[in-house]
Amino acid sequence: MQTPEQARERAQDIVARAIAAGADAADAVFAADASIDVSIRLGALEDVGRSENEELGLRVFVGRRNASVSTSDLLPDMLDALVERAIAMAREAPEDRWAGLAPEDRLMHGSPPHLDLDDGRDIAPEALRERALAAEDAARAVPGVTNSEGGGASAGRSVRALATSHGFAAAYSVSSHVVSASVLAGTGSDMQRDYAYHSARHLDRLEDAAIVGRRAGERVIKRLNPVRVPSGSMPVVFDPRVGNSLIGHLIGAIAGQSITRKTSFLLDALGTRIFGEGVTIRDDPHRPQGLRSRPFDGEGLPVSPMAIVEHGMLEAWLLDSASARQLGLEPTGHAVRGSSGAPGVSSSNLFMEAGHVPPETLIGGVTHGVYVTELIGMGVNGVTGDYSRGAAGFLIENGALTSPVAEITIAGNLKDMFLNLTPANDLEFRYAVNVPTIAIEGMTVASG
């Protein structure tokens, strides 16, 4: 795989070719990935996969017109042809008054911050096999588990580079390690499934495979013999592994493109209260070994921690340069780039700060409600905020989790849900987006 220095040179080279061929401006991204994954089912090796790929993406500007192209063929002759094709496409493209490179005076200068994202390990397939086997064995050893969808382990490394024609060029590498297990319990129509996984940038931070597997087994046993829930309005408590999806809907609503296109249910909400006073949501791209940490954004701008919601108040949109120009604002360092197309926006290590009460207290105050551990489907309208998703979890009766429930629907409107949200104090950093246990009053729950 390419080193960060080689990746940076690749991106710089194609940008230089584009300018020499007549482009007024250009930027390029280079990505190289190498990964290996192993899956086990019922104690036997099921699959071993290895992949390696390299891709180069180029965006060129001719006046106010632009075009993007990408290739995995990195031979010099093919790169020259790629540049010629991109410039020809740009000359025929419609004008875009908002498109362009990031403001030159905002570019990151100097060396990227060191975030310790790459442990440099090359993992042998045999080690992954043992890890996957340990996860599945531990899950299957839980009394009541009747079948397995398998255990898995993977490891990978990748390098990302960005170069622009107005002075930015940098690259960084990351590693990743994952272990998982998925098992079943019960038989026939009463069969239930659940899973567990853990991922980390560094292998020595990866959770022990047996712990992950045992968690999967224990989760599925608890889901056996679900009961029906009487339909009505009631509190809904979200387990952290699914509650983070609520914050994902927030990010979609405050992304620059949603605001410029007027397709957001939070269109006029900047600077107003959208959560209760006890809710603060932060984005931290500089977290060492973070799953979404990055030293710069997809346009070469520096990134920094920021509060998106502070004590319930919406503090910022997430803007790339194009949406910032259209809104008359400054880019926020949240641009992300693929190998083709214009930049979009994304958060990094997003999290909701812990509240002040234990989850037992949140649940203890619920006379009749549901505790959600799984969400199904994508019934969310980003324009209106209407929310309706299939769910499974547990009944809450008189402040305690009792019987499992399945095939229910929970519904509401995200504006109301955000305002009626209370976080517990059990925040852990396990995922790319992290939240504590969350309680929301007054949602509609219906049995399937």
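Because the structure is predicted, anything quoted here is derived from the model rather than measured.

Cut-offs and rules
- Residues numbered from 1 in each chain as written.
- Predicted model: local features only at pLDDT ≥ 70, side-chain atom pairs only at ≥ 80, totals over all residues.
- Heavy atoms only, no water.
- Helix = DSSP H or I, 4+ residues; strand = E, 2+ residues; numbered from the N terminus.
- Buried < 20%, exposed > 50% of the residue type's maximum accessible area, 1.4 Å probe, protein only.
- Polar contact = N/O pair within 3.5 Å; in protein donor to acceptor, adjacent residues only side chain to side chain.
- Lys, Arg positive; Asp, Glu negative; His and termini not counted.
- Salt bridge = Lys/Arg side-chain N within 4 Å of Asp/Glu carboxyl O.
- Contact = heavy atoms within 4.5 Å.
- Pairing = 2+ DSSP bridges.
- Expected span 1.5 Å × (residues − 1).
- Arc of directions from axis to C-beta.

Teacher, can you tell me more about the environment of Glu130 here?
Its place among the elements puts Glu130 in helix 3 (residues 125-140). When its relative accessible area of 45% is taken as the criterion, Glu130 is described as partly exposed. Spatially, the C-alpha atoms of Glu130 and Ala153 are 8.7 Å apart, while their sequence positions differ by 23 residues. A distance of 3.1 Å separates polar atoms of two side chains, one belonging to Glu130 and the other to Arg129.

Got a minute to help me understand the side chain of Arg294 in this structure?
Here Arg294 shows up in the loop between strand 8 (281-283) and strand 9 (306-310). We note that Arg294 is buried and unpaired, the nearest opposite charge coming from Asp283 at a distance of 5.1 Å. Here Ser346 takes part through its backbone oxygen, which lies 2.8 Å from a polar atom of the side chain of Arg294. If we skip the residues at most four places from it in the chain, Arg294 touches Leu115, Tyr172, Pro285, His286, Val303, Gly333, His334, Val336, Ser346, Ser347 and Ser348.

Looking at this structure, I do not really get the sheet that holds strand 8. What am I missing?
Two strands in a sheet stick together by hydrogen bonds in their backbones, pointing the same way (parallel) or opposite ways (antiparallel). Overall, mixed pairing links the 5 strands, which are arranged 10-9-8-13-18 in an open sheet. Looking at strand neighbours, the two that pair on one side only are strand 10 (313-314) and strand 18 (433-434), the edges of this open sheet.

Would you take a moment to explain helix 4 (residues 209-222) for this structure?
Three or four residues apart is the spacing at which side chains of an α-helix point the same way, because the helix has 3.6 residues per turn. Taking 1.5 Å as the rise per residue, helix 4 with 14 residues should run 20 Å; its terminal C-alpha atoms sit 21 Å apart, in good agreement. Buried within helix 4 are the following residues: Ala209, Val212, Gly213, Ala216, Gly217 and Val220. For helix 4, the angular spread of the buried residues around the axis is 135 degrees, confining them to a single face. The secondary structure elements touched by the buried residues of helix 4 are helix 3, strand 4 (145-164), strand 5 (169-185) and strand 6 (192-200).

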